[in-house]
Structures are given as C-alpha cells and as structure tokens.
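Coordinates in review
Single-letter residue listing:
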Amino acid sequence: MKVRFFLVACVVLLSFLGVCQGGSLRKHFYRHSCPEAEEIINKKIQQHVSADPTVPPSLLRMHFHDCFVRGCDGSVLINSTANNTAEKDAIPNLTLHGFDVIDDIKAAVEAKCPKTVSCADIVALAARDAVSVQFKKPMWEVLTGRRDGIVSKSSEALTNIPQPTFNFTQLKQNFASKDLGVHDLVVLSGAHKIGVAHCNSFSSRLYNFTGKGDQDPSLNPTYAAFLKTKCKNLSDNTTTIAMVPGNATKFDSHYYPNLLQKKGLFQSDAALLTKHESKHIAQKLVEQKYFFKKFAHSMKRMGAVQVLTGSAGEIRIKCSVVNS
C-alpha cells in the first residue's frame, strides 16, 4: 500500500511539475523520436576523446556540477546575459571544460532530429560514453527523457556545488539535499581518480591550514612534500596537478588506496576518513570490480536528481541559449 501510494503521489506530482526523482526516465527514450541519437552521441565522443584524452574527466565533472544545481537539467551549459550571470560563470565552474564538445554533439543531433533531444540528456550520455571509451563498453546505464531547464544562476552554483574545503558534515548534508546518501558520497568521490586540480583549490593544506602558516596534519607528509614541489605558494592559481598520483586519464579504483594512505588531495577527500562509516566504505571500494558496480549505481542515482520531464522545461535548440 505504501509503495502504491508513493507511485501515485509521484505521478500526480509529475502531472503538475514534471519533476520526480527519475520517475519518468527510461531506457532508449528516443527510440521512436530519434532512434540514432545515442549512436550519434557515442560516435562524436569517440572522436573527441581520441583527439583529447582530458575529455572524460571534463564531461564527468560537468555532469556532476549540472546535477547538483537545479537537478540534471543542462542549466550549467547556459551562457550569461547582460541581465544574468549564469552557472558556468560561478567560481566552481570557471575551470569546467568540454562545452565545445557538447555543442558539437548537439549540432549533429539537431541536424538529424530537430528540437527532439535535450541538452541535459546529451550531457548525461556524453559523460558516460567518454569515461567508457577506455573500456570499450558502457560503464553505467543512462536512462533518458530529461528536459532542459530555463534558469541558470551563478549564485545557485555557489550554494549547491560541494566545495573542496567541506568537512564530512557539510558533505553529508549537501548530498542529502539531493537525496543521495553517504554511500553515494564516497562512491562518487572516486571520480577524482581522473582529471586535474588547480593548486589554489588545496594549497592552504600545504601552507596555511589554520591561518598560522601550518600544514594539514591529516595529509601524508611525503605526499605534501611532493605537492609543494608543484605548488610553491598560496597565490598559484594556474598550476595543475593530477588529483590522484599517476595517470590522470585512466579511470579505476586507485583513488581509494591513495585516500587510505592519507593522500586525498582536497580537504573534502580527507573528510571521508574522519567517520567510521565512510572510511569503511572506502576500504571496500579498493576492490575494482566492486567499485565499478557501485559507481554505476550511484551515477544512475545522481543522473536522476530533480530531473525535468514531461512538459516541464524545454528542449533547447542551442545548449548555451534558452529558446526565445
């Protein structure tokens, strides 16, 4: 009875808002309206990843940042206007890359099926396909049917995207606000295995952790010494470093053994070791097959956060501009 009530409530809510936690997403949403959509996206991704191996971490991060602000609605793609500063110009998004990739994919899909495939779905599928290139198979399931949002505010990005300085309580609350749990938090943190970070996102841990010119005692001293050879002062905001030592483009479970050796780059990484529950999860995720299985599950959950479906939102013709 409770399950039936929830489903009915969800349907009723959808009829008014077009919003439910993934309730209207499904496999191959475009099977009839644009049957080649997913193939077009995949082929374009293959081309872009072949030309630029930094595309997978870029698109994975873009998908995450999109979903944490107003849900997975493609609002991170919208350009600022004279009257509005959009999400992509908020501080947490200034280092996002891959907008050109999404624009290229969107143009190809529009040429085949005008006004049919949402930018939000393209971001979700492109992130999955980009990470999956090295494995030559899809690494998680992406349900489709998202529609595009028409609101994008930099202030909302600042308040919704988790910061690299967050402690465990802040991280837990942030994820809970998206109906994601501690397990999702630890699993999705594994995405830090690929990609790079700018020195200024973590250098306070090296040079001024408590405001007294000190080093974060929770950071592995050997790793800290290595980081100091790359990030030489607090004012360096241009140098980048792999978020996990080693290959910054190879996706695997190596984030977790590094984390457990106190080599998490951000304070938010180190925070996962401050609670028994999250540390225990991290210890289990060292095993790669287990990590991939759990990552697939959490990515599917994240991809369903506060989605717009039905008649809500719109299908943007250009991902960077709201339809006029």
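What comes next concerns the included structure. (Residues numbered from 1 in each chain as written. Predicted model: local features only at pLDDT ≥ 70, side-chain atom pairs only at ≥ 80, totals over all residues. Heavy atoms only, no water.)

1. Some words on the state of the cysteines
As used here, a disulfide is simply a covalent bond connecting the sulfur atoms of two cysteines. Condition: In this description, the term disulfide denotes a pair of cysteine sulfurs within 2.5 Å. A run of DSSP states H or I qualifies as a helix once it reaches four residues; a run of E qualifies as a strand once it reaches two. Both are numbered from the N-terminal end. Relative accessible area decides the class of each residue, using a 1.4 Å probe on protein chains only: under 20% of the type maximum gives buried, over 50% gives exposed, and in between gives partly exposed.
Applying the stated rule across the entire model yields 4 disulfides. Note on cysteine connectivity: Cys34 is disulfide-linked to Cys113, with sulfurs 2.0 Å apart. On the sign convention where negative is left-handed, the bridge of Cys34 and Cys113, at about 80° about the S-S bond, is right-handed. Within this pair, whereas Cys34 is found in the loop between α1 (2–17) and α2 (37–51), its partner Cys113 is found in the loop between α4 (99–112) and α5 (119–132), the two being separated by 79 residues in sequence. Since its relative accessible area comes to 1%, Cys34 is described here as buried.

2. Notes on helix α7 (residues 168–176)
Which entries qualify depends on this criterion: Relevant arc is that of directions from the helix axis to the C-beta atoms, nothing else. The contact criterion used is simple: two residues touch if any of their non-hydrogen atoms lie within 4.5 Å.
Among the residues of α7, those classed as buried are Phe168, Leu171, Asn174 and Phe175. For α7, the arc enclosing every buried residue in end-on projection is 130°, short of the 170-degree limit, so these residues lie on one face. Where α7 is buried, its residues contact α3 (55–67), α6 (154–160), α8 (182–189), α12 (267–270) and α13 (276–284).

3. A look at the packing of aromatic side chains
Selection rule: For this analysis, a ring pair means two rings from Phe, Tyr or Trp (six-membered ring only for Trp) whose centres lie within 6.5 Å, classed as stacked if their planes differ by under 30 degrees, edge-to-face if by over 60, and tilted for the remaining angles.
Summed over all chains, the structure comprises 14 aromatic pairs. The interplanar angle of 80° and the centroid separation of 5.2 Å between the aromatic rings of Phe135 and Phe292 together place this pair among those described as edge-to-face. Remark: Phe292 occurs in helix α14 (residues 288–302) and Phe135 occurs in the loop between α5 and α6; sequence separation between them is 157 residues. Here Phe251 and Phe291 contribute two aromatic rings whose centre-to-centre distance is 5.6 Å and whose plane-to-plane angle is 55°, an arrangement assigned as tilted. Of this pair, Phe251 sits in the loop between β2 (240–242) and α11 (255–260) while Phe291 sits in helix α14, and the two are 40 residues apart along the sequence.

4. Regarding the layout of surface pockets
Empty space left among the atoms is revealed by rolling a probe the size of a water molecule over them. Condition: In the cavity and pocket records, a cavity denotes points on a 1 Å grid over the protein atoms alone where a 1.4 Å probe fits but cannot get out, a pocket denotes an open set with protein on both sides within 12 Å along at least 5 of 7 lines, and lining residues are residues with an atom within 4 Å of a point. Grid points are joined across faces, edges and corners, and a volume is the space filled by probe spheres set on the points.
In this structure, the second largest pocket encloses a volume near 250 Å³. Considering the residues around the second largest pocket, the lining is formed by 19 residues, among which Ser218, Gln267, Ala270, Ala271 and Thr274 are closest to the centre. Put simply, the parts of the chain that give the lining of the second largest pocket at least two residues each are α11 and α12.

5. Focus: a nonpolar patch on the surface
What counts here: Patches here: salt-bridge-free residues with over 30% relative accessible area, like charges joined within 9 Å, nonpolar side chains (Val, Leu, Ile, Met, Phe, Trp, Tyr) joined within 5 Å. For accessible areas, the Shrake-Rupley method is used with a probe of radius 1.4 Å. Any residue's cover is judged against the shown protein chains and nothing else. In what follows, salt bridge is the name for a side-chain nitrogen of Lys or Arg lying within 4 Å of a carboxyl oxygen of Asp or Glu.
On the surface, a nonpolar cluster with roughly 330 Å² of combined accessible area is contributed by Ile91, Leu94 and Leu158. For Ile91, the location among the structural elements is in the loop between α3 and α4.

6. Section: the nonpolar core
Rules: The set of buried Ala, Val, Leu, Ile, Met, Phe, Trp, Tyr and Cys residues whose side-chain atoms join them within 4.5 Å is what this entry labels a nonpolar core.
Formed by 71 residues in total, the largest nonpolar core has its most connected members in Ile45, Leu59, Leu77, Ile102, Trp140 and Phe295. At 9 residues, α5 tops the list of elements feeding residues into this core. Listed in part, the 13 residues of the second largest apolar core include Leu206, Leu219, Ile241 and Met243.

7. A closer look at the packing of α3 against α4
Stated formally: An axis is simply a line fitted to the C-alpha atoms; with a helix, the fit covers only the stretch in contact. Between two such axes, the angle follows the N-to-C directions and lies from 0 to 180 degrees. Throughout, the term roughly parallel applies to angles under 35 degrees, roughly antiparallel to angles over 145, roughly perpendicular to angles from 65 to 115, and oblique to all others. Residue polarity follows a fixed list, in which Ala, Val, Leu, Ile, Met, Phe, Trp, Tyr, Cys and Pro are nonpolar, Asp, Glu, Lys and Arg are charged, and the others, Gly among them, are polar.
Look at α3 against α4: their axes get within 10 Å of each other, and the N-to-C directions meet at 85°. With respect to α4, the axis of α3 lies roughly perpendicular. Within the contact between the two elements, α3 uses Val55, Leu59 and Met62 and α4 uses Phe99, Val101 and Ile102. Grouping the constituent residues of the contact of α3 with α4 by class yields 6 nonpolar, no polar and no charged.

8. A look at the environment of Tyr30
Basically, it comes down to this: Polar contacts here mean pairs of N or O atoms no more than 3.5 Å apart (in protein, one a potential hydrogen donor and the other a potential acceptor; neighbouring residues in sequence count only if both atoms are side-chain atoms).
Within the fold, Tyr30 resides in the loop between α1 and α2. Distance in space between the C-alpha atoms of Tyr30 and Pro56 is 24 Å, their sequence separation being 26 residues. Sequence-distant contacts of Tyr30, that is, excluding residues within four places in its chain, are made with Pro35, Ala37, Thr116, Val117, Ser118, Asp121, Thr144 and Arg146. There is a polar contact of 3.3 Å between the side chain of Tyr30 and the backbone nitrogen of Ser118.

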